[in-house]
Amino acid sequence: MYQYHKWIRSFHAVAKTRSFTAAAAYLQIGQPTISEQVKALEDRFAVELLYRSGRHVELTDAGRRLYDITEGIFGQEDEAVQLLQSLHSQKTGLLRIGAVSPPVVMNLTYDLMRKHPGIEFAISINSEKETLARLYDFTIDIAILAFIDPDKRLHVIPYRTYPIVAVVRDDHAWANKASMPLKQIQHEAIIMRESGSKTRELLENACNKQGIKLKYVMELNSREAIMHAIAEGLGIGFVAEIEYTAIPGTKAIRLREAAVTIDYYMCALAVRKNRPLIKSVLDTGTDPKSGRKK
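Treat the numbers as computed from the prediction; the structure is a model and nothing was measured. Every chain is numbered independently, its residues counted from 1 as its sequence is written. In view of the model being predicted, local features appear only for residues whose pLDDT reaches at least 70, and side-chain atom pairs are presented and counted only at 80 or more, with totals across whole chains, interfaces and linings using the full set of residues. With hydrogens and water stripped out, all remaining heavy atoms of the structure feed into the side-chain values.

Asker: Now, about the environment of Thr-21: what can you tell me, with residues and values included?
Answerer: A run of H or I in DSSP counts as a helix once it spans at least four residues, and a run of E counts as a strand once it spans at least two, with each numbered from the N terminus. Mapped onto the elements of the fold, Thr-21 is located in helix H2 (residues 20-27). When the C-alpha atoms of Thr-21 and Ser-35 are compared, they prove to be 9.6 Å apart, with 14 residues separating the residues in sequence. A polar contact of 3.0 Å, which involves the side chain of Thr-21, links it to the side chain of Gln-31. Under this definition, polar contacts are N or O atom pairs within 3.5 Å; protein pairs additionally need one hydrogen-donor-capable and one acceptor-capable atom, and for neighbouring residues in sequence, both atoms have to be side-chain atoms.

Set out below in structure tokens:
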């Protein structure tokens, strides 16, 4: 069948251009090859497809019927090439992004939608482990993570850095303050994410350096649950500033005298980093002026 494909392709080029010379230029192969392949097709099926008169070529009835079919076949091939060229030049297509933080990935998506209106998005929110696994099995194209995996299969670039803030109820003693020293949190009842949370890890590391002991009163597995618990007066909590949702009855307070920040990284498989759509996103991530900061 592959041999027939080459013969039929040569016939189609001659029928389309009405010239063996033009067909050779169209396919970028030698004219003798075109002539041999068309003749081989006619001989193999004992059918006359072309009337040849010097440089002039006309289709026989059989040739016209075959051309009606090949026009559909090779017309779709041309359309496929045009689509690929469009995807390359206009940065269009479906981009699948996995992330651990809804606000962070939406910040990125907002910026990409303005720069590349032809892109469609499929967003998934999962844990660090699940998001990384989805990247490795090609389920997503880009991952936004709060840690760097040293795996050489990954291409990793810094994306954004955000301060971690304390969240208190609006009648808390800190509520009228813009910031508080980190050491003051040792006197508070703390509602924290489960073990494995990057926010928790960073806060604990900062406190350990200053000998600050933390008093946990509740452990929850979602930011939303923590916010509602704070609003009920069950304690204070901590989130990246961009992730703070101003639930009525709460207020975010910055921490001072110790830099407690969380870094987010944009990750792609190293073997795919130069794919046009993925590269355009990675280039956005390295642009310090791109994205909105809260």
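Having seen the structure, we can now continue with the description.
Asker: Talk me through the nonpolar core; I want residue IDs and the actual numbers.
Answerer: The term nonpolar core refers to a set of buried residues drawn from Ala, Val, Leu, Ile, Met, Phe, Trp, Tyr and Cys, joined through side-chain atoms within 4.5 Å. Partly exposed residues are those whose accessible area sits between 20% and 50% of the maximum for their type, while under 20% is buried and over 50% is exposed, using a 1.4 Å probe and protein chains only. Ranked by internal contacts, the top residues of the largest apolar core, which has 53 residues, are Ile-142, Leu-182, Phe-238 and Tyr-264. Core analysis: the second largest hydrophobic core is formed by 16 residues, Val-14, Ala-23, Val-38 and Val-57 among them.

Asker: Go over the layout of surface pockets, please, and point to the residues and values.
Answerer: Its volume calculated, the largest pocket comes out at about 370 Å³. The distinction between a cavity and a pocket rests on a 1 Å grid over the protein atoms alone: a 1.4 Å probe fits inside a cavity but cannot get out, while a pocket stays open yet meets protein on both sides within 12 Å along at least five of seven lines, and a residue with an atom within 4 Å of a point counts as lining. Around the largest pocket, the lining is made up of 23 residues, and of these Val-100, Arg-193, Glu-194, Ser-197 and Arg-223 lie nearest the centre. Mapped onto the lining of the largest pocket, the elements with two or more residues apiece are helix H6 (128-136), helix H7 (198-209), helix H8 (223-231), strand E10 (237-240) and strand E12 (261-269). With three residues, the top contributor of residues to the lining of the largest pocket is E10. All residues other than Ala, Val, Leu, Ile, Met, Phe, Trp, Tyr, Cys, Pro, Asp, Glu, Lys and Arg, Gly among them, are scored as polar; the first ten of these are nonpolar and the last four charged. For the lining of the largest pocket, a count of residues per class yields 10 nonpolar, six polar and seven charged. Grid points are joined across faces, edges and corners, and a volume is the space filled by probe spheres set on the points.

Asker: Now, about H7: what can you tell me, with residues and values included?
Answerer: Helical geometry note: an α-helix holds 3.6 residues per turn, so side chains three or four residues apart project in the same direction. Residue count minus one, scaled by 1.5 Å, sets the expected span of a helix. Between its first and last C-alpha, H7 extends 17 Å over 12 residues, near the 16 Å set by a 1.5 Å rise per residue. Contacts are assigned to residue pairs that have any heavy atoms within 4.5 Å of one another. Close packing links the buried residues of H7 with strand E6 (154-169), strand E8 (189-193), strand E9 (215-220), E10, strand E11 (250-256) and E12. The backbone nitrogen of Thr-199 has a side-chain oxygen 3.3 Å away, supplied by the residue at the start of H7, namely Ser-197.

Asker: Could you give me a rundown of unusual backbone geometry, with the residues and numbers involved?
Answerer: Positive phi, close to 50°, is recorded for Ala-46, a residue that is not glycine. Its location among the elements puts Ala-46 in the loop between helix H3 (31-45) and strand E1 (50-53). Look at Phe-138: it is not a glycine, yet its phi comes out positive at around 70°. With respect to the helices and strands, the residue Phe-138 is situated in the loop between H6 and strand E5 (142-145).

Asker: Account for the side chain of Asp-111, with residues named and values stated.
Answerer: Summarising the element assignment, Asp-111 is placed in helix H5 (residues 102-115). Here the side chain of Asp-111 touches Arg-114 through a polar contact of 2.6 Å, side chain to side chain.

Asker: Mind laying out the pattern of salt bridges, listing which residues take part and the relevant values?
Answerer: One side-chain nitrogen of Lys or Arg within 4 Å of one carboxyl oxygen of Asp or Glu is enough to make a salt bridge. A full pass over the atoms with the stated rule returns 17 salt bridges. The shortest N-O distance in the salt bridge between Asp-61 and Arg-65 comes to 4.0 Å. Of this pair, Asp-61 and Arg-65 both sit in helix H4 (residues 61-90), separated by four residues, roughly a single helical turn. The partly exposed category is assigned to Asp-61, whose relative accessible area is 45%. Relative accessible area serves as the criterion here: at 57%, Arg-65 is assigned to the exposed category. For Glu-201, the salt bridge identified is with Lys-198, shortest N-O distance 3.4 Å. Linking Glu-201 with Lys-198, this pair stays in helix H7, spanning three residues, or about one helical turn.

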